[in-house]
Amino acid sequence: MVGDSLFNVILSGTGETLLMVLLSTALGYFIGLPMGILLTVSDSSGIAPNAFLYKILDGVVNITRSIPFLILLILIQPITKLIVGKSYGTVSTVVPLTVAAAPLIARMVESSLKEVDKGVIEAAISMGAGKLLIVNKVLIPEAKISLLIGVTISLGTILGYSAMAGVVGGGGLGDIAIRYGYYRYETKVMLITVFVLVLLMQVLQYIGNYLSKRYDRRKA
Amino acid sequence: MSFIEVEHVSKEYISEGKSFPALKDISISIEKGEIFGVIGLSGAGKSTFVRCLNYLEKPTSGVVRIDGTDLSELKEAQLREKRQKIGMIFQHFNLLMQRNVLDNVAFSLEVSGMKKKEARKKALELLKKVGLEDKKKAYPAQLSGGQKQRVAIARALATEPEIILCDEATSALDPETTRRILEILKDINKEYGITIVVITHAMSVVEEICDRVAVLDSGELKEMGYVSRVFKNPHSKAAKRLIYDSERSVG
Ligand SMILES: Nc1ncnc2c1ncn2[C@@H]1O[C@H](COP(=O)(O)OP(=O)(O)OP(=O)(O)O)[C@@H](O)[C@H]1O
Ligand SMILES: [Mg+2]
């Protein structure tokens, strides 16, 4: 493997990885964001305390979070097959990645929203704000920097998981690293994929940091 | 019938299975257009009392009537509507840190259902009123304490409330800034006839702007009357202690 074809393999692997990571993080937020909001408002100190709902969500999140990703990947293979039609490849990997991302995101959203000053929430209630308005116009906007940092962390974590999925033929850079580097002893390819993964992580981190500095109004 | 009627209100907090009486059988009537002070030491129940007036805290027993309406009889949506007519300002200002000054003032209007554009237009008028027009683009983190409280006052005024509740609104400010904030409160009381309830532990604040004052101690109403009378001739131990201590600390 030299020159052009190697470049192409890495390029398409990077594309696959980005697709998997972005898609499953987006889907993860689709599920995890509402969960995180519900965890925040239903907690005993929240704006709509509901011990029953909180316990259930908390339990679901704890259980899914405590399963190691590789185990989860194998465990839900039947479900993946049911949804996608097969249990290997880029698109299939999105399913376990989403399942892993959602509870992680829910927890991060919860902790971001709980950082919002109680006094500000109380001020909104005193003005006659309803619960939905408080979520939309107080909790989320006030927590936006912390939420943004959460997005960066989620993307990074999911990027790591996506590489792990390579072990079971999950597509993307991890897949390439395993196939070329591990099975065919092409150390160079492995090193290049690792380099690209590190690069992606750095870029993510950089963008995240830039945006959170740029839009944080809490400092004079 | 008074504008604000508090009848036999008690409030018990339950924490760790034990109940703690924060207010004990309080009855107070506040007239329309009055500036009414509530004074007491830390833990006396002042915040609990003022929070019962807009039902941020629901009394354990007793009745709170605002302009004839018993708050306990309101449905959730009706209570929210009522709250729009009761502004509140706080010791720590409680501004939205990620919104600029103009949008902070517009926030209370958005809560009342006004469109953002219209809300901003009205918010600007109110910023002029509190003398912060030039700071409209600034964020709260860039303001002094006194400026933040002026923003909070503008925000409370925006919805044209009939009542403004102040919970230690000047406690985080220096004496000079305190005087300016009290001046503004006095002005809006005169100009719009807004009823103002002032919670404080500082006698000087009561002296400066209140018509009448209630003295709370350990959740009990110890004394109530015109400020001049209470200061000259306090009957209760609690009032005597507050007045005597404040004179000593000044002298
Ligand atoms: N949510 C709560 N749960 C349990 N106890 C409470 C709660 N809120 C207040 N208390 C207690 O009720 C009493 C009155 O509290 P409150 O905040 O009304 O006092 P305060 O007069 O406003 O005091 P400060 O001057 O310190 O603000 C205090 O002993 C306080 O510990
Ligand atoms: Mg208090």
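Small disclaimer: the values here were computed from a predicted structure and weren't measured.

Engineer: Describe the overall build of chain B, naming the residues involved and giving the relevant values.
Structural biologist: From N to C terminus, chain B includes nine helices and ten strands. In terms of overall dimensions, chain B is globule-like: its C-alpha atoms have a radius of gyration of 18 Å, near the 18 Å expected for 251 residues. With the principal axes as the frame, chain B shows a C-alpha extent of 50 × 50 × 40 Å. When each of the 251 residues of chain B is scored for burial, the buried share is 55%. Taking the intrachain contacts of chain B between residues at least 6 apart in sequence as the baseline, contacts between residues at least 24 apart amount to 67%. Roughly 11,600 Å² of accessible area belongs to chain B as shown, and the carbon and sulfur atoms make up 47% of that amount.

Engineer: Explain helix α5 (residues 90-114) of chain A to me, and be specific about the residues and the numbers.
Structural biologist: Residue and element names in this part refer to chain A. Spanning 25 residues, α5 covers 35 Å between terminal C-alpha atoms, matching the ideal 36 Å at 1.5 Å per step. Most pronounced at L97, the bend in α5 amounts to some 25 degrees. The buried count for α5 comes to 21 of 25 residues, which makes it a mostly enclosed element.

Engineer: Can you explain the confidence of the model for chain B? Please cite residues and give values.
Structural biologist: All names here are of chain B. This prediction gives chain B a mean pLDDT of 94; 98% of its residues lie at or above 70. Within chain B, the element-level pLDDT minimum falls on helix α9 (residues 237-250), averaging 79, and the maximum on helix α3 (residues 101-111), averaging 98. Scoring the predicted complex yields pTM 0.92 and, for the interface, ipTM 0.94.

Engineer: Give a description of the state of the cysteines that names residues and reports values.
Structural biologist: Residue and element names in this part refer to chain B. With the rule as written, the count across this model stands at zero disulfides over all chains. A disulfide-free cysteine, C52 has its sulfur positioned 17 Å from the sulfur of C166, the nearest such atom. Here C210 stays free of any disulfide, with the sulfur of C166 as its closest cysteine sulfur at 9.1 Å.

Engineer: Before we move on, can you summarise a negative patch on the surface with the specific residues and values?
Structural biologist: Residue and element names in this part refer to chain B. A cluster of like negative charges, contributed by E183, D187, E207 and E208, occupies part of the molecular surface. Where the negative patch is concerned, the elements lending two or more residues are α6 (175-192) and α7 (203-209). One can find E207 in helix α7.

Engineer: A description of the interface of chain B and chain A should follow, citing residues and the corresponding values.
Structural biologist: Listed as interface residues are 24 residues of chain B and, on the opposing side, 26 residues of chain A. Counting every contact that joins chain B to chain A gives three salt bridges. A salt bridge links A:K137 to B:E110; the shortest N-O distance between them is 2.6 Å. The interface formed by chain B and chain A holds nine residue pairs in polar contact (both at pLDDT 80 or more) in total.

The rules we used
Residues numbered from 1 in each chain as written. Chains lettered and ligands numbered in written order. Predicted model: local features only at pLDDT ≥ 70, side-chain atom pairs only at ≥ 80, totals over all residues. Heavy atoms only, no water. Helix = DSSP H or I, 4+ residues; strand = E, 2+ residues; numbered from the N terminus. Rg over C-alpha atoms; globule rule 2.2 N^0.38 Å. Buried < 20%, exposed > 50% of the residue type's maximum accessible area, 1.4 Å probe, protein only. Contact = heavy atoms within 4.5 Å. Areas by Shrake-Rupley, 256 points an atom, 1.4 Å probe, with all protein chains shown as cover. Expected span 1.5 Å × (residues − 1). Bend = angle between axes of the 7 residues up to and from the residue. pLDDT = per-residue confidence, 0-100. Disulfide = S-S within 2.5 Å. Patch = residues over 30% accessible without salt bridge, like charges linked within 9 Å, V, L, I, M, F, W, Y side chains within 5 Å. Salt bridge = Lys/Arg side-chain N within 4 Å of Asp/Glu carboxyl O. Lys, Arg positive; Asp, Glu negative; His and termini not counted. Charge placed at Lys NZ, Arg CZ, Asp CG, Glu CD. Polar contact = N/O pair within 3.5 Å; in protein donor to acceptor, adjacent residues only side chain to side chain.

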